[in-house]
Amino acid sequence: MNKSILIGSTLSVLGLGGLAVGAYQVSSYSQPPQPVYADILQVEAATRTVETPREVCENVVVSQQAPSRDPNRIIGTAAGAIVGGLLGNQVGGGSGKKIATVAGAVGGGLAGREVQGRIESGQTSTTTRQECRTVTDTRQEHLGYDVEYRLDGQVFSARLDEAPQGDRVLMQNGQPQWHAGQAPSQTAPQG
């Protein structure tokens, strides 16, 4: 075979091979990279319980025994002694009359004292007073949303102000783009 044909054939094969490699490189650089998505595994509302104490006051009607105007029951004792003495004076005659009067006065005094005590114990006074107590109001405070997502087999978590939409999130430079356009949902291939 002719040496020039052999050299020409070799150069043309190498040239075509280089041209093919260059075309492949140009075609691979001209395609934009495919977007990367992480799968959202779980979304839970994050809350905390807030307890706020406050004082509640209300007017309460209270009944209590009225204070005695005569704590020693002198009026009842005196009235009972007078009535008892008058009744005792009606019994007997002579010195027996005096004994009956004294006995009536003593018995009447004791009875009058007892009657005054019973009457006063049944007397009550009603007042209104303010009673206050502390109550605790409980409420749930919304903190955001705890989100778990998986990328390349690893599970990550984040707390967001708003719940993410969809079941995937766009990733750029290894970071989820929660506020970027919504990631299309994955669908099962049609068969």
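Computed from a predicted structure; not experimentally measured.

## So, the packing of helix α2 (residues 74-89) against helix α3 (residues 95-121)
Line of reasoning, step 1. With their axes 6 Å apart at the nearest point, α2 and α3 run at an angle of 150° to one another. In terms of axis orientation, α2 runs roughly antiparallel to α3. As α2 runs across α3, the sense of the crossing is right-handed. Facing α2, whose interface residues are I74, I75, G76, T77, G80, A81, G84, G85, G88 and N89, α3 presents K97, A100, T101, G104, A105, G108, G109, G112, R113 and Q116.
Line of reasoning, step 2. Its residues placed into classes, the contact of α2 with α3 shows 5 nonpolar, 13 polar and 2 charged.

## Observations concerning the environment of D70
Line of reasoning, step 1. Turning to its location among the elements, D70 is positioned in the loop between β1 (36-65) and α2.
Line of reasoning, step 2. Residue classification places D70 among the buried positions, given a relative accessible area of 10%.
Line of reasoning, step 3. Taking the C-alpha atoms as reference points, D70 and Q116, 46 residues apart in sequence, are found 9.2 Å from one another.
Line of reasoning, step 4. Apart from residues lying up to four places away in sequence, D70 is in contact with I75, G76, Q116 and E120.

## Some remarks on the pattern of salt bridges
Line of reasoning, step 1. Summed over all chains, the structure comprises 6 salt bridges.
Line of reasoning, step 2. Residue E141 pairs with R139 through a salt bridge whose shortest N-O separation is 3.8 Å.
Line of reasoning, step 3. According to the relative accessible area criterion, E141 is partly exposed, its value standing at 22%.
Line of reasoning, step 4. Look at R139 and you get partly exposed, because its relative accessible area is 46%.

## Let's talk about a nonpolar patch on the surface
Line of reasoning, step 1. A grouping of V102, V106 and L110 is seen on the molecular surface, where their side chains present a nonpolar patch of about 300 Å² in accessible area.
Line of reasoning, step 2. With respect to the secondary-structure elements, L110 resides in helix α3.
Line of reasoning, step 3. Relative accessible area serves as the criterion here: at 58%, L110 is assigned to the exposed category.

## Considerations on the pairing of β1
Line of reasoning, step 1. With 4 bridges connecting them, β1 and strand β4 (residues 168-172) associate as antiparallel partners. Among the inter-strand pairings, D39 is bridged to a residue of β4, identified as R168.
Line of reasoning, step 2. Pairing analysis gives 26 bridges linking β1 to strand β2 (residues 124-151), with the strands arranged antiparallel. Within β2, the position partnered with V60 by the bridge is R129.

## Concerning the packing of aromatic side chains
A ring pair, where both rings are aromatic, is described by two values, the distance of the centres and the angle of the planes.
Line of reasoning, step 1. A complete count under the given rule lists 2 aromatic pairs for this structure.
Line of reasoning, step 2. Between the aromatic rings of Y149 and F156, the centroid separation amounts to 5.6 Å while the plane-to-plane angle is 25°, which identifies the pairing as stacked.
Line of reasoning, step 3. Look at Y149 and you get buried, because its relative accessible area is 8%.
Line of reasoning, step 4. F156 gets classed as partly exposed once you look at its relative accessible area, which sits at 33%.
Line of reasoning, step 5. Arranged with centres 5.5 Å apart and planes meeting at 80°, the rings of Y149 and W178 form a pair that is edge-to-face. With Y149 in strand β2 and W178 in the segment after β5 (175-176), the pair connects residues that are 29 residues apart, well separated along the chain.
Line of reasoning, step 6. Aromatic rings pair up to connect Y149, F156 and W178 into one cluster.
Line of reasoning, step 7. Geometry around Y37 places R168 over its ring, the cationic atom sitting 4.1 Å from the centre.

## Things to note about α2
Line of reasoning, step 1. The first and last C-alpha atoms of α2 sit 22 Å apart over 16 residues, in line with the 22 Å expected at 1.5 Å per residue.
Line of reasoning, step 2. Those residues of α2 not exposed but buried are G76, G80, G84, G85 and G88. All buried residues of α2 project into a common sector of 155° when viewed along the axis, lining one side. Opposite the packed face of α2, turned more than 90 degrees from it, sit the exposed residues I74, I75, I82 and L86.
Line of reasoning, step 3. Buried residues belonging to α2 abut α3.

Cut-offs applied
Residues numbered from 1 in each chain as written. Predicted model: local features only at pLDDT ≥ 70, side-chain atom pairs only at ≥ 80, totals over all residues. Heavy atoms only, no water. Axes fitted to C-alpha atoms, helices over the stretch in contact; angles between N-to-C directions. Helix = DSSP H or I, 4+ residues; strand = E, 2+ residues; numbered from the N terminus. Parallel < 35°, antiparallel > 145°, perpendicular 65-115°, else oblique. Left-handed = near helix turned anticlockwise from the far one by under 90°. Contact = heavy atoms within 4.5 Å. Nonpolar A, V, L, I, M, F, W, Y, C, P; charged D, E, K, R; others polar. Buried < 20%, exposed > 50% of the residue type's maximum accessible area, 1.4 Å probe, protein only. Salt bridge = Lys/Arg side-chain N within 4 Å of Asp/Glu carboxyl O. Patch = residues over 30% accessible without salt bridge, like charges linked within 9 Å, V, L, I, M, F, W, Y side chains within 5 Å. Areas by Shrake-Rupley, 256 points an atom, 1.4 Å probe, with all protein chains shown as cover. Pairing = 2+ DSSP bridges. Phe/Tyr/Trp six-rings, centres within 6.5 Å; stacked < 30°, edge-to-face > 60°. Lys NZ or Arg CZ within 6 Å of the ring centre and 35° of its normal. Expected span 1.5 Å × (residues − 1). Arc of directions from axis to C-beta.

Geometric descriptors of this kind do not, in isolation, establish any biological role.
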